[in-house]
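Report on the structure
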Amino acid sequence: MWSCITDFFTYETTKSVVVKSWTIGIINRIVQLLIITYFIGWVFVHEKAYQVRDTAIESSVMTKVKGFGIYNHKVMDVADYVTPTQGGSVFCIITKMITTENQVQGYCPESEKKFNCSQDSDCTRPNKAGSYGILTGRCVPAKGSGKMCEIKGWCPAENDTIKMTPMMEVENFTIFIKNSIRFPLFNYTKGNFLSTITDNYIQKCNFDMVNNTYCPIFRVGDVVRYAQQDFSRLADKGGVIGIKIGWVCDLDRADDQCNPSYSFTRLDAMSQKNAVSPGYNFRFAKYYKTENGTDYRTLIKAYAIRFDVLVNGNAGKFNMIPTLINMVAAFTSVGVGTVLCDIILLNFLKGAEQYKAKKFEEVSDRPLDSQTNGFYRSQLSLRHSDSGMKSSDSIQNYA
């Protein structure tokens, strides 16, 4: 117990030992050079660790679609093929529609083959629900030959197996995107309309990756191609395309250096690998009323390309606090070279015992203890020889 108490109340002070060794000297300088290069090249230059960063980007997106197409011998404009109509960051361009007209509330046979029946009991099996209405439990004659289970709902039931040709003019439609962003930490605002953009330029330009990287007008066919998708297949089954706007701004530079970058990707890639529910489609209806007050509707199953405009980014600006923190970390890390060299000296090089004797020394406040104790008997290497002989090693000791 007394030994533990005395060991606890001890004090260690730094002792400098200069080792004149080419091997250790080269290793030490190489390690220090690598650490300094890492902090200067990666931490300060690449990662800009001297800046404080704001990642809480605030964004507003407004969109407009323009173009005319022909579908079922009808001219389609924006009001016909774009939904929703608010012009937000998520919108759909309808490429194909299957319509079921003049539906009214009533009783009619189902339209899917899985509801074929021969007697009423075939329509009352447990856990069997109708696709387009509530099953009544009766088996009734259907158009053509055979019988189908009867439903109560909007009649006639939809038949979505009809083959329709997509509206291929969609490929040449254009999407206008207006994006405004703000970094609240710095109270910095910017938009994707650069100061060099004019009305004449807007009327003529289309975005491309080489010559018009900041044009806010995007041709649908180009967006699909940049997302590495086939337009004909996408228009037939539908899908979801992401238009990503990235803002990475260095606010230590001029304002015109903070510009958006655009990238494009297929967001519903998993639906391409799934044969059960490929692509993207949805249903909506247009409602009418007859002269006698009866409601009827036109049901539309729409296949569409959905566009999601996604905005992300961050901004950085010089700040003394992260600069000082990273500088201290850099200077502290240089000491790793010393630790590595100590490990090599103490364990792998010739004369390791001699180095241990030079490096570690125990001194007591009692003269007797200071003469009899010590790590690795270091006092033997430090005492002055009566014969005046000098140490032949290459280690200089500085207390």
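A few points on the structure. Keep in mind it's a predicted model, so treat the numbers as computed, not measured.

**With respect to the environment of Pro166**
Along the polypeptide, Pro166 turns up in the loop between strand E10 (147-155) and strand E11 (174-183). Through-space distance from the C-alpha of Pro166 to that of Lys237 is 9.1 Å; in sequence the pair is 71 residues apart. Excluding residues within four positions of it along the chain, Pro166 makes contact with Tyr71, Thr95, Lys96, Ala235 and Asp236.

**Notes on helix H2 (residues 22-46)**
Between its first and last C-alpha atoms H2 spans 34 Å; for 25 residues at 1.5 Å apiece the expected length is 36 Å, and the two agree. Three or more residues of H2 are buried, namely Ile24, Asn28, Val31, Gln32, Ile35, Phe39, Val43 and Phe44. For H2, the secondary structure elements touched by its buried residues are helix H8 (320-334) and helix H9 (336-347). Where H2 ends, the next residue or the one after it, Lys48, has phi of about 50 degrees, a positive value.

**Things to note about unusual backbone geometry**
For the bond from Thr83 to Pro84, the omega torsion is -10 degrees, close enough to zero to count as cis. Relative to the elements of secondary structure, Pro84 occurs in the loop between strand E6 (82-83) and strand E7 (90-109). Of note, the bond from Cys155 into Pro156 is cis; its omega dihedral lies within 30 degrees of zero at 0 degrees. With respect to the helices and strands, Pro156 occurs in the loop between E10 and E11. One non-glycine residue, Asn187, lies in the positive phi region at around 55 degrees. Mapped onto the secondary structure, Asn187 falls in the loop between E11 and strand E12 (188-191). Residue class for Asn187 comes out exposed when judged on its relative accessible area of 56%. A positive phi is found at Gln228, a non-glycine position, where the angle reads about 60 degrees. Of the residues examined, Gln228 reaches a relative accessible area of 72% and is grouped as exposed.

**A word on the environment of Glu158**
Within the fold, Glu158 resides in the loop between E10 and E11. Among the residues examined, Glu158 registers a relative accessible area of 1% and is labelled buried. Expressed as a C-alpha distance, the spacing of Glu158 and Leu299, which sit 141 residues apart in the sequence, is 7.9 Å. The residues touching Glu158, leaving out its near neighbours within four places in the chain, are Thr100, Gln103, Ser111, Tyr132, Arg283, Leu299 and Lys301.

**Topic: the side chain of Asp54**
Structurally, Asp54 is set in strand E2 (residues 51-54). Buried Asp54, no salt bridge; nearest opposite-charge side chain is Arg182, N-O distance 7.5 Å. A polar atom in the side chain of Asp54 sits 2.9 Å from the backbone nitrogen of Leu185.

**Considering the state of the cysteines**
What we call a disulfide is simply a covalent bond connecting the sulfur atoms of a pair of cysteines. Taken as a whole and judged by the stated rule, the model has 5 disulfides. Between the sulfur atoms of Cys108 and its disulfide mate Cys155 the distance is 2.1 Å. Taking the sign of the S-S torsion, -80 degrees for the link of Cys108 and Cys155, the bridge is left-handed. With Cys108 in strand E7 and Cys155 in strand E10, the pair connects residues that are 47 residues apart, well separated along the chain.

**Observations regarding a nonpolar patch on the surface**
A cluster of nonpolar side chains, Met1, Trp2, Ile5, Phe8 and Phe9, forms an exposed patch at the surface whose accessible area comes to about 730 Å². The residue Trp2 is located in helix H1 (residues 2-8) in this model.

The rules behind the values
Residues numbered from 1 in each chain as written. Predicted model: local features only at pLDDT ≥ 70, side-chain atom pairs only at ≥ 80, totals over all residues. Heavy atoms only, no water. Helix = DSSP H or I, 4+ residues; strand = E, 2+ residues; numbered from the N terminus. Contact = heavy atoms within 4.5 Å. Expected span 1.5 Å × (residues − 1). Buried < 20%, exposed > 50% of the residue type's maximum accessible area, 1.4 Å probe, protein only. Lys, Arg positive; Asp, Glu negative; His and termini not counted. Salt bridge = Lys/Arg side-chain N within 4 Å of Asp/Glu carboxyl O. Polar contact = N/O pair within 3.5 Å; in protein donor to acceptor, adjacent residues only side chain to side chain. Disulfide = S-S within 2.5 Å. Patch = residues over 30% accessible without salt bridge, like charges linked within 9 Å, V, L, I, M, F, W, Y side chains within 5 Å. Areas by Shrake-Rupley, 256 points an atom, 1.4 Å probe, with all protein chains shown as cover.

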